[in-house]
Amino acid sequence: MMEKRQIYLDHGASTPLDEAVMAAMQPYWAEVYGNPGSAHGYGRSANHALETARRTVADLLHAQPDEVAFTGCGSESDNLALRGVMWAARRDGGRNDRGGNHLITSAIEHSAVLGTAVQLRDLFGFDLTILPVDEYGRVRPADVAAAIRPDTVLISIMAANNEIGTVQPIAEIGAIARERGVFFHTDAIQLAASVQWDMSAMPIDLLSIAPHKFYGPKGVGIFYARQDVPLVSALTGGGQENGRRAGTVNVPFAVGAAEALRLAMVNLPQHIAHYQALRDRLIDGILAQFPNDAVLTGHPTERLPHNASFAFRNLNANDLLMHLDMAGIAASSGSACKTGNPKPSAVLQAIGLGDEWNRSGLRLTVGKQNTLADIDYALETLASIVPKLYKLQAVSR
Amino acid sequence: MTLIDSQTLVKNRVVVAMSGGVDSSVSAALLVEQGYEVIGMMMRLWSEPTVGGAPFVNRCCTPDQMADARRVADQLGIPFYALDVKEQFRQTIVDFFIAEHEQGRTPNPCIECNRKIRFTYLLNQALALDAQYLATGHYAQVVGDEDGRFHLYKGRDDHKDQSYVLHVLRQEHLDHVLFPVGGYTKSEVRDLARKFNLPVASKGDSQDLCFLGDGDYRRFLREYSSKASNPGPILTLDGEELGRHDGLPFYTIGQRKGLGISTPQPVYVLRKDVTQNALVVGTREQLGQRTLAVRDVNWVSGNSPASTFPAQVKIRYKAEGAEARVEVDGNGRVQVQFQEPVFGVTAGQGAVFYNGDECLGGGIIADT
């Protein structure tokens, strides 16, 4: 075994908290601790911090403050987008008097969206269309246009796929939605820190963001919904967050979310250049090392700058991740699961990879502290692990 | 049982096969205490998808068992991985179990699992991770002698001894195997679990036939084998038909009750005649057997001790060893001559040879 190093290549799962973000959050634990809903001075101080954070986020997104809410996580933002819009359509008898009962999503959405959509269908009687994707994992805008019905209320297509990194044509899809009078939600949890957002110009009605994907804290999500989108809150209570999300707002986390997004936008060009250099070294290295046994999954160019994803012929992602972990490399896979019960990856199936490939997804997602030396160590490690796994497979047969 | 060769093994690294039970949990804790670099691993095995409409998971690796194993690993501060072995297990153990029953034999899946999965697939996984050892929670002991040879002994706890299902091991395996609880009794192991403050101290023992939804192998065979439910005659040794049976796999050798026939004297199942699809019955006396043939014999040392030697022979996991003379023929087959008749000799079960507490090897009881 090689010299033991620890290399984190799973930034698509989560990232370390930026020290500047931690510092920004610091006053809001024990110094400014009031409930932002309280009328007294303690409450006002907390509310000031919360509203400053909201304004920061709104400015960065080119949105209005009352369009921004803080939730408990990215998944909650996704849940609120789908449930909130569909329940409002049910309450209001549909959008534009068309008896809205239909929503559209894609086969490669994160389960926070797909699971919610399926629940809306199965438990609440909404109609659901799940669109297929092409070999790169892209939703075809023409498919979206064709799926829209008179009673379609919402289209939810992710901005970039968490597993294979493919960036979706959300501008085109949003334009179609807008033209047809349908709301458009995009789960931007993977893409958020890789593009500049201009909600005043982009045809997006609802947006989900998770700050822990870009050096912010876990336990907080950013939810954007355009002012004219009718929403029923999925979390009822004290009417906080403009009635969209009940519950005392977590002020330090809201402050941390805003600071993380601010830093992400400030550093965006440098980060992207750094990520792409590492990502491309990974992609070139792995494809050169395993020309017959590895394929790049997702789009070759229209992909997240920090995501390199592969499938290995006939390997089991669990085994691969275990050996990588033992070598000190943290990676992930859409098909691996810590209970040792890997199912074929739904995303790899959706892009048409057969049984030979669809249990062996490997996702390496780089971050700002990774170096080219880290990448070379990962490549060396894979060069020793993958042949070992094939050998193991041969003797076990 | 091919093992991969590895030149880079780390001397004090050990993979422990964890089931979430007491024995493997204590094994892991003992190894940590002894200063090994311990890696916990659990195999996710195949099981019936549903029983009676309810979803089912292998009793050896239910989500609860896995959660227990993971909790123990977390408490010990060791990594824990789950391996997906469902397909191999289904093909090599479950399909084999069905096919053997269809051939009138009663296999012991634990022996085959040790032979083909645990000490092959899992041991190879350990070696591939550069671990010097695979440890399991079996009650058995490995002792090395001055010549560098390894000997397999019964576990110290007579009631728990599992050397019977480990007779398939050879020198190349024993070189890489540890049985940390083999030198303890079960109650000492429970005490150790409490001492280590493991959350599994009071759990029950694991079950054989872990892949059965409800432990009922007859129901399993009815559902999974198209050939099992094949009625035929119940015959005496003289060929007299006493009644009908529902299918040979549903009966065990030595079975007396539930045959659906009434006879003046009790009759026992003597053997299964697959060619005639007949269940052959007879008296208790006729059930007794002084000889048996053993195939697929493995010698722990690599060779038989002699061409003929005295031994105690176990014909079932829970049987007492019976005094016998073992004779090795040239073709790897072995004849066993018992001093006293043994009852319930069952084709497909293991026959395992002991010299006192040492397990010399064993094989599978051949068809008669």
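Our subject is the structure listed above.
Residues numbered from 1 in each chain as written. Chains lettered and ligands numbered in written order. Predicted model: local features only at pLDDT ≥ 70, side-chain atom pairs only at ≥ 80, totals over all residues. Heavy atoms only, no water.

Turning our attention to the state of the cysteines. All names here are of chain B. A complete count under the given rule lists zero disulfides over all chains for this structure. Of all cysteine sulfurs in the structure, the one in Cys210 sits closest to Cys110, which takes part in no disulfide; the separation is 7.0 Å. Taking relative accessible area as the criterion, Cys110 reaches 27% and is therefore assigned partly exposed. Cys210 supplies the cysteine sulfur nearest to Cys113, a cysteine that is in no disulfide, at a spacing of 6.8 Å. (Disulfide = S-S within 2.5 Å. Buried < 20%, exposed > 50% of the residue type's maximum accessible area, 1.4 Å probe, protein only.)

Moving on, we get to the packing of aromatic side chains. Residues and elements named next belong to chain B. Evaluated as defined, the whole model comprises 15 aromatic pairs over all chains. Taking 4.5 Å as the distance between ring centres and 20° as the angle between the ring planes, the aromatic pair formed by Phe220 and Tyr224 counts as stacked. A residue pair is termed a helical-turn pair when its members lie 3 or 4 positions apart in one helix, as Phe220 and Tyr224 do in helix α7 (residues 217-224) at four residues. Relative accessible area serves as the criterion here: at 0%, Phe220 is assigned to the buried category. Grouping aromatic residues by their ring pairs yields a cluster made of Trp46, Phe89, Phe97, Phe211, Phe220 and Tyr224. The lysine or arginine in question, Lys116, covers the ring of Phe96, its NZ or CZ lying 4.9 Å from the ring centre. The cationic tip of Arg284 hangs over the ring face of Phe343; the distance from NZ or CZ to the ring centre is 3.8 Å. (Phe/Tyr/Trp six-rings, centres within 6.5 Å; stacked < 30°, edge-to-face > 60°. Helix = DSSP H or I, 4+ residues; strand = E, 2+ residues; numbered from the N terminus. Lys NZ or Arg CZ within 6 Å of the ring centre and 35° of its normal.)

Before going further, it helps to spend a moment on the nonpolar core. Grouped together as the largest cluster of nonpolar side chains are 165 residues, with contacts concentrated most on Trp197 and Phe312 of chain A. Each residue touching Phe312 of chain A, except ones within four places of it in the same chain, is listed here: Ile286, Phe290, Asp293, Ala294, Leu320, Glu356, Trp357, Ser360, Leu362, Val386 and Tyr390 of chain A. Counting 30 residues, the second largest nonpolar core, distinct from the first, contains Val22, Ala28, Ala73 and Ala201 of chain B. (Core = buried A, V, L, I, M, F, W, Y, C linked by side-chain atoms within 4.5 Å. Contact = heavy atoms within 4.5 Å.)

With that settled, consider helix α1 (residues 22-33) of chain B. Residues and elements named next belong to chain B. Between the first and last C-alpha of α1 there are 16 Å, a value that for 12 residues agrees with the 16 Å anticipated at 1.5 Å per step. Within the sequence span of α1, burial applies to Val22, Asp23, Ser24, Ser25, Val26, Ser27, Ala28, Ala29, Leu30 and Leu31. Buried residues belonging to α1 abut β1 (10-17), β2 (37-44), α2 (63-76), β6 (131-135), β9 (177-178) and α6 (186-195). Count one or two residues on from α1 and you reach Gly35, which has phi positive near 90°. (Expected span 1.5 Å × (residues − 1).)

Residues and elements named next belong to chain A. Between helix α9 (residues 268-289) and helix α12 (residues 372-396), whose axes approach to 10 Å, the crossing angle comes to 20°. Taken together, the axes of α9 and α12 lie roughly parallel to each other. Both α9 and α12 take part in a crossing whose hand is right-handed. Contacts from Leu278, Arg281, Leu282, Gly285, Ile286 and Gln289 of α9 reach α12 at Leu372, Ile375, Asp376, Ala378, Leu379, Glu380, Leu382 and Ala383. Within the contact of α9 with α12, the residues separate by chemical class into nine nonpolar, two polar and three charged. (Axes fitted to C-alpha atoms, helices over the stretch in contact; angles between N-to-C directions. Parallel < 35°, antiparallel > 145°, perpendicular 65-115°, else oblique. Left-handed = near helix turned anticlockwise from the far one by under 90°. Nonpolar A, V, L, I, M, F, W, Y, C, P; charged D, E, K, R; others polar.)

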